[in-house]
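One letter stands for each residue in the lines below.
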Number of protein chains: 2
Amino acid sequence: MTTNPDLLTSLSCPIPISDYPTILLAHGGGGTLTQMLIERMFLQAFDNPALEMMHDGAVVDVNGERLAFSTDSFVISPLFFPGGDIGSLAIHGTVNDLAMCGARPLGLSSSLILEEGLPMEDLWRVVQSMQAAALEVGVSIITGDTKVVDRGKGDGVFINTTGIGLIPAGVHVSPLRAQAGDVVLVSGAIADHGIAIMSVREGLEFETAIKSDSAPLSDLVADVLEVAGEQVHVLRDPTRGGVASALNEIAQKAGLGVQLAEQSLPIQDEVRGACEILGFDPLYVANEGKCIAIVARDVADAVLAAMQAHPYGQNAAIIGEIVVDHPGRVFLRSRIGGMRVVDMISGEQLPRIC
Amino acid sequence: MTTNPDLLTSLSCPIPISDYPTILLAHGGGGTLTQMLIERMFLQAFDNPALEMMHDGAVVDVNGERLAFSTDSFVISPLFFPGGDIGSLAIHGTVNDLAMCGARPLGLSSSLILEEGLPMEDLWRVVQSMQAAALEVGVSIITGDTKVVDRGKGDGVFINTTGIGLIPAGVHVSPLRAQAGDVVLVSGAIADHGIAIMSVREGLEFETAIKSDSAPLSDLVADVLEVAGEQVHVLRDPTRGGVASALNEIAQKAGLGVQLAEQSLPIQDEVRGACEILGFDPLYVANEGKCIAIVARDVADAVLAAMQAHPYGQNAAIIGEIVVDHPGRVFLRSRIGGMRVVDMISGEQLPRIC
């Protein structure tokens, strides 16, 4: 650590106040404004090597074991939605962040911020859902905290879950390990979560109800690591900001390009239709039970087979590759052969999606 | 784990809905309603041995090392107060929870829930304060998360910090280790934090400004463990609910009584005066930089000396003892020799104190 407290308090705000005098919803959207806040403010202040990795979690050495440590707060609205609720989502989200470090979960913490007036039975539904989700993964909630805020100062329930997990020997996943020639896979159809939430909020009805894909990925990731080990270079769950933002972050970290093939992106018909109606690009819509894997070309077919053999990976697909061209950027080859840039999301596409 | 998801969802809400149809502020007050929520709802649902300890954190074995894991969400209002702010408090709170497990901090996570419209410069003040507090302790914020909620659905900033730490060999602190004959110490004057916050909220002015005692206790606890090792039986920071609630919890867990001597309780004159004006009993008012230690009688003087030698423990005092009488309860011998029960706090004395 190079900073000292006196030096720090003498620094002026690193976000230009004239442009951004206050926090906007888009600062939480997972796109460029979130990235600006993290890089210019948090990384500058909290300056340390683990944080600079900007991975889904930190990795700490404990007596020769690599411990993954990851935190996430959940503020989704509405609390209950098709395919899940804030309770199951809070467990899946943190279990998945640990899985994206290559870790098996050791234990979770749960910290609730409740709003005065929350129906007690709603809390009980959420708590039961958390436990059911934890049981599926085989992880326990081993410590917790509860706070209550006055009516109108919260929104029902906010949940923070933080997890610790162990990274097995021989597993090394990091955006920095992406290499030109690597293959990019996704473990299933994209954009389900965001569209499910938006449908509820907007009161939209589709022929088939669109459900969130919220699911725990630790078993699926374990299967992938089993067949491909160190050949698995990067893992990332494309939540806020979707596949596009996740791949942009990886491309920037790795200093390489990502090239996607539009026709290979798995998207459910109902979701594609809803995206067209709502004016969303599915590449930017949040997922909560999908994982991107960037793996050595030699193992791509084996990884695909391992994903497809898992109940949460049946629609897994190879969607692109890592290239030396256009470093730090993501391109999409369209169905008709054109190429377009897939930028990082800039504003807030869907607020409070997780 | 004995529960399964199907069984769980068939259970009815374990809190009587007729008595408590909704969450009240007092459910977050650290008293009997908080305890009811934890014991009847969370412990029943999340059923596991680590959680049942209801310690300030969980202890997990990692490759032969004992890892402490503790979480806390901070919702204090106002964000800035005499002696600190939500940022420093969030670091001190979790560092102290780790210290109460006997652990030295290894790393912290920080998860922010920001309200749309929060002035960017307020966020920057909070972030700088977090980092200054972390630097004092020598711990890094190694992973984080940021969410934004719409205006009117939050209150400026809520912060979750979760920490991991290592418990040195030869340290074993737990409420279950309290023994009859043990001596109860507190590391300094009580009730400063709660009264400082209340003074700001109520616009009260005292001759001397009352400051929060918010401070990190890891060094002080290390000094105590250095002189007394395994003879330190219980450590607890008396935050929400104050010294009274902390000691009641310990008495209940240990199945023993606690006897306090009123004249030995260290209380600053200004704080005592403010408590009288505001109608508070200082035993129930929150502290954020104080620690209760329950130690073997043989080492009590050495522990007291170690506390008093530390800048954060100058006003440390022996305040009572553990007794076999009145198991599960706390009694106070008054200045004039009478005895009164010191119950657990039942309602909400000071909402959003941490």
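Residues numbered from 1 in each chain as written. Chains lettered and ligands numbered in written order. Predicted model: local features only at pLDDT ≥ 70, side-chain atom pairs only at ≥ 80, totals over all residues. Heavy atoms only, no water.

> Explain the domain arrangement of chain A to me, please; I cannot follow it from the model alone.
The parts lose accessible area when they come together, and the size of an interface is often stated as this lost area. Residues and elements named next belong to chain A. Once the domains are mapped, chain A shows domain 1 (1-48), domain 2 (56-169) and domain 3 (175-341). Interface area, domain 2 with domain 3, both sides summed: about 1,800 Å², of which 58% is carbon and sulfur. Counting across the domain 2 and domain 3 interface gives one salt bridge. For the interface between domain 2 and domain 3, the tally reads 10 residue pairs in polar contact (both at pLDDT 80 or more). Elements that contribute at least two residues to the side of domain 2 that touches domain 3 include exactly α4 (86-100), β5 (104-115) and α5 (120-137). (Domains from an automatic or database assignment. Buried area = accessible area lost by both parts, 1.4 Å probe. Salt bridge = Lys/Arg side-chain N within 4 Å of Asp/Glu carboxyl O. Polar contact = N/O pair within 3.5 Å; in protein donor to acceptor, adjacent residues only side chain to side chain. Helix = DSSP H or I, 4+ residues; strand = E, 2+ residues; numbered from the N terminus.)

> Looking at this structure, how should I read the sheet that holds strand β13 (residues 330-333) of chain A?
Whenever strands of a sheet pair, they do so through backbone hydrogen bonds, lying parallel or antiparallel. Residue and element names in this part refer to chain A. Ordered by their spatial adjacency, seven strands build an open sheet running β9-β11-β8-β12-β10-β13-β14, and the pairing between neighbours is mixed. For this open sheet the edge positions go to β9 (232-236) and β14 (339-341), each flanked by a neighbour on one side alone. Taking the axes of each pair of neighbouring strands and ignoring which way they run, one obtains an average angle of 25 degrees across the sheet. Where strand β10 (residues 257-261) meets β13, four bridges bridge the pair, whose relative direction is parallel. Looking at β13, one finds that Ala-261 is bridged to Arg-333. Taken strand by strand, helix α8 (residues 242-254) contacts β8 (183-186), β9, β10, β11 (292-295) and β13, and its axis lies near 35 degrees from that of β11. (Pairing = 2+ DSSP bridges. Axes fitted to C-alpha atoms, helices over the stretch in contact; angles between N-to-C directions. Contact = heavy atoms within 4.5 Å.)

> Just checking my understanding: could you explain the pattern of salt bridges for this structure?
Opposite charge on two side chains permits pairing when their charged atoms draw close. Within the structure shown, the criterion is met by 24 salt bridges over all chains. The partner of Asp155(A) in a salt bridge is Arg352(A), with the nearest N and O atoms 3.0 Å apart. Taken as a pair, Asp155(A) in the loop between β6 (141-149) and β7 (157-167) and Arg352(A) in the segment after β14 lie far apart in primary sequence, 197 residues in all. Across the pair Asp281(A) and Arg340(A) runs a salt bridge, and its minimum N-O distance is 3.2 Å. Separated by 59 residues along the polypeptide, Asp281(A) in the loop between α9 (269-278) and β11 and Arg340(A) in strand β14 bring together distant segments of the chain. Overall, Asp281(A) belongs to the partly exposed group, its relative accessible area being 21%. Judged by relative accessible area, Arg340(A) falls into the partly exposed class, the value being 36%. When salt bridges that share partners are traced, they join Asp72(A), Arg240(A), Asp145(B) and Lys147(B) into one network. (Buried < 20%, exposed > 50% of the residue type's maximum accessible area, 1.4 Å probe, protein only.)

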